[in-house]
Amino acid sequence: MTRREQGGHQVVVSFLMTREDYVNSKQAAARAACRSAEIHFLRWAGFLLVVTGIVLRVFFAVNGYSRILSTLMVLLGTAIGFAIDSWQPALIRHQAQRYYDTHGERMLAQTMIFDEETMSIQTDRYRVQLPYSYLYQVYEDGKMFLLYTGQNELWVLPKRALPPWDLVKVRELLKRNENYKREGVR
Amino acid sequence: MAELSREVPVLVLEQQLSAEDYAQAALLYENTLFPFRRYWVRAGICICVAVLVASAIPWYLSQFATAVVPICAIVFFLALALYFWREQPRRRLHGSVLQFCSSRLLRLPGKISVYQNGIVLENDAETLSEFWTDFSGCVEGHAYYVLWGGISRPLLILKKSVLSPEQAERLSAHLRSTFAGRCRLENGGRFR
């Protein structure tokens, strides 16, 4: 009996990424890449543009050109202010769906094993076993765990593949990484 | 795992990447595949626009009293050209070094076996095994081969410095015949 089998604390997850998983992972990765200062800046910039546009339209629009300009300002402010919440996720969703549809052969079945000390990932092309401290970042949202082995390399673990008791265990283990970030989870 | 190891390897090499290796190779990949991201292309475009604006100054003066607006535009585009020329390469290298430093797996020394149908990378932590068809393409520079678009790793870098001239020639020939039109030379050249 191997040490892993004797331990009895491991979590084994096998899954194949679905289209919805892929889309959710891309949206989560985009959220993980956003800094809160950038989000606040975009929202405030959008708000100020909208207010300025309305004030110009109501009080200072003397001719057709200035009316068009102030209306455009309001529209631009709305687009910038709602970028993070509305059209950016929609754009990411569209791109991810298109990529998944055209690159289905790249979505390989994965097996992830979480031990007390290490985690391993195995696909048809790749096998790695690494301690949790080797992860550059771990991000968790309502549907996904994103495991970053580097800034531009990430592995996705959809929560739907985990039973509730294993979900708690995996979260506990991943929290050992110093760059663990959790958003949108109660 | 893809069972490449049953074949006899064409070439076996051992290498360890440094941050500089990774940054140079990433830059090689980017400059070769995306010509408009090259610093001198961007700087050249900005200088051309500045010259065009300057050539329109006589016409502008015939329409308006001063040439403040075109002069501001010229200064802006020249400053942009200077930024692309001086700052962009430094920032790109810095970004790539940060990428390398963020991944502990990239720093590990590893053994790379090149097979007829694919490539296998082995180190203390990982085993990566990809068929050539898994990659989107290959870029060959004077110091590196960069295989890009793999399923498990976006950039797989092979150093030429660890190869003898004969081995490098053999590997180049193998990659050229394998990737054919998807194998590019540094700065956008193609093999004939």
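Residues numbered from 1 in each chain as written. Chains lettered and ligands numbered in written order. Predicted model: local features only at pLDDT ≥ 70, side-chain atom pairs only at ≥ 80, totals over all residues. Heavy atoms only, no water.

Description of the overall build of chain B
Within chain B, the secondary structure is distributed over 5 helices and 8 strands. Ordering the α and β elements of chain B from the N terminus gives β-α-α-α-α-β-β-β-β-β-β-α-β. Relative to the compact-globule value of 16 Å for 192 residues, chain B shows a C-alpha radius of gyration of 22 Å, a clear excess of over 25%. In terms of principal-axis extent, the alpha carbons of chain B reach across some 80 × 35 × 30 Å. Looking at chain B as a whole, 45% of its 192 residues are labelled buried. Counting only contacts in chain B whose residues sit at least 6 apart along the sequence, the fraction spanning at least 24 positions is 60%. Carbon and sulfur atoms make up 60% of the accessible area of chain B, which totals about 10,100 Å². (Helix = DSSP H or I, 4+ residues; strand = E, 2+ residues; numbered from the N terminus. Rg over C-alpha atoms; globule rule 2.2 N^0.38 Å. Buried < 20%, exposed > 50% of the residue type's maximum accessible area, 1.4 Å probe, protein only. Contact = heavy atoms within 4.5 Å. Areas by Shrake-Rupley, 256 points an atom, 1.4 Å probe, with all protein chains shown as cover.)

Concerning the interface of chain B and chain A
At the interface, 25 residues of chain B touch 19 residues of chain A. Taken together, chain B and chain A are joined by 2 salt bridges. Measuring nitrogen to oxygen at the nearest pair gives 2.5 Å for the salt bridge that ties A:R125 to B:D134. For the pair chain B and chain A, the number of links is 12 residue pairs in polar contact (both at pLDDT 80 or more). Counting residues per element, the ones that place at least two in the side of chain B that touches chain A are helix 4 (68-102) and strand 4 (126-131) of chain B. Examining the composition of the side of chain B that touches chain A, we find that 6 residues originate from one element, strand 4 of chain B, more than from any other. (Salt bridge = Lys/Arg side-chain N within 4 Å of Asp/Glu carboxyl O. Polar contact = N/O pair within 3.5 Å; in protein donor to acceptor, adjacent residues only side chain to side chain.)

Observations concerning the nonpolar core
Counting 46 residues, the largest nonpolar core has A:F114, A:L147, A:L157, A:L174, B:I119 and B:L147 as its most contacted members. In this structure, B:A25, B:L106, B:Y144 and B:L155 belong to the second largest nonpolar core, which totals 15 residues. (Core = buried A, V, L, I, M, F, W, Y, C linked by side-chain atoms within 4.5 Å.)

A closer look at the packing of aromatic side chains
Counting across every chain of the model gives 13 aromatic pairs over all chains. Ring geometry for B:Y29 versus B:F34: centroids 6.1 Å apart, planes at 90 degrees, classification edge-to-face. On the basis of relative accessibility, which here comes to 30%, the residue B:F34 falls in the partly exposed class. On the basis of an interplanar angle of 40 degrees and a centroid distance of 6.3 Å, the ring pair of B:W132 and B:F135 is categorised as tilted. Of the residues examined, B:W132 reaches a relative accessible area of 4% and is grouped as buried. Residue class for B:F135 comes out buried when judged on its relative accessible area of 2%. Every member of this aromatic cluster is reached through a ring pair, and the members are A:Y22, A:Y99 and A:Y100. B:R37 extends its terminal NZ or CZ atom over the ring of B:F34, reaching a point 4.0 Å from the ring centre. (Phe/Tyr/Trp six-rings, centres within 6.5 Å; stacked < 30°, edge-to-face > 60°. Lys NZ or Arg CZ within 6 Å of the ring centre and 35° of its normal.)

Regarding a nonpolar patch on the surface
All names here are of chain A. On the surface, W44, F47, L48, V51, I54, V55, L56, V58, F59 and F60 cluster together into a nonpolar patch covering about 1,000 Å² of accessible area. The residue F60 is located in helix 3 (residues 36-60) in this model. Exposure remark for F60: the relative accessible area of 54% places this residue in the exposed category. (Patch = residues over 30% accessible without salt bridge, like charges linked within 9 Å, V, L, I, M, F, W, Y side chains within 5 Å.)

Focus on the pairing of strand 2 (residues 110-114) of chain B
Within a regular beta strand, the side chains point alternately toward one face of the sheet and then the other, so they alternate between its two faces. All names here are of chain B. Within strand 2, 4 of the 5 residues are buried, leaving the element largely enclosed by the surrounding structure. As paired elements, strand 2 and strand 3 (residues 118-123) share 5 bridges and run antiparallel to each other. When the sheet's bridge partners are listed, I112 is paired in strand 3 with L121. Where strand 2 folds back onto strand 3 in an antiparallel hairpin, the turn is made up of 3 residues. (Pairing = 2+ DSSP bridges.)

A closer look at the sheet that holds strand 6 (residues 144-148) of chain B
Residue and element names in this part refer to chain B. Overall, mixed pairing links the 4 strands, which are arranged 7-6-5-8 in an open sheet. A single partner strand is all that each edge strand has here, and the edge strands are strand 7 (155-159) and strand 8 (183-185). On average, each strand axis in the sheet is tilted by 20 degrees relative to the strand beside it, whichever way the strands run. Note that strand 5 (residues 137-140) and strand 8 share 3 bridges and pair parallel. Residue pairing across strands places V139 opposite R184, the latter belonging to strand 8. In the packing of helix 5 (residues 165-179) onto the sheet, the strands contacted are strand 5, strand 6, strand 7 and strand 8, and the crossing angle to strand 6 comes to about 25 degrees. (Axes fitted to C-alpha atoms, helices over the stretch in contact; angles between N-to-C directions.)

Spatial relationships are all this shows, so hold off on functional conclusions.
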